[in-house]
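# Per-entry structural report
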Amino acid sequence: MTIVEVAGIALMFAVSVAVIVSNVVIARSECRTNRELLRVQREWMERMTDDTRD
């Protein structure tokens, strides 16, 4: 194996690791966003049911 091949393999490995890490970060932020949306929706529904009772 030449140095060019080793460098190419290392570069491909680094790119794949970067893609995996970015996908994990995006997935976690989307999960947090979904939790926030669910919380806001639940609070809004509770307010609506409280308003109808009054």
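The structure this text deals with has already been given above.
We now turn to the structure provided with this report. (Residues numbered from 1 in each chain as written. Predicted model: local features only at pLDDT ≥ 70, side-chain atom pairs only at ≥ 80, totals over all residues. Heavy atoms only, no water.)

For the rest of this paragraph, the subject is the pattern of salt bridges. The final tally for this structure, using the stated rule, is 2 salt bridges. One salt bridge in this structure joins Arg-39 and Glu-43, with 2.9 Å as the shortest N-O distance. Note that Arg-39 and Glu-43 are positioned in helix H1 (residues 3-53) at a spacing of 4 residues, about one turn of the helix. Residue classification places Arg-39 among the partly exposed positions, given a relative accessible area of 33%. The exposure class of Glu-43 is partly exposed, given its relative accessible area of 34%. Salt bridges here are not isolated pairs; linked through shared partners, they connect Glu-36, Arg-39 and Glu-43. (Salt bridge = Lys/Arg side-chain N within 4 Å of Asp/Glu carboxyl O. Helix = DSSP H or I, 4+ residues; strand = E, 2+ residues; numbered from the N terminus. Buried < 20%, exposed > 50% of the residue type's maximum accessible area, 1.4 Å probe, protein only.)

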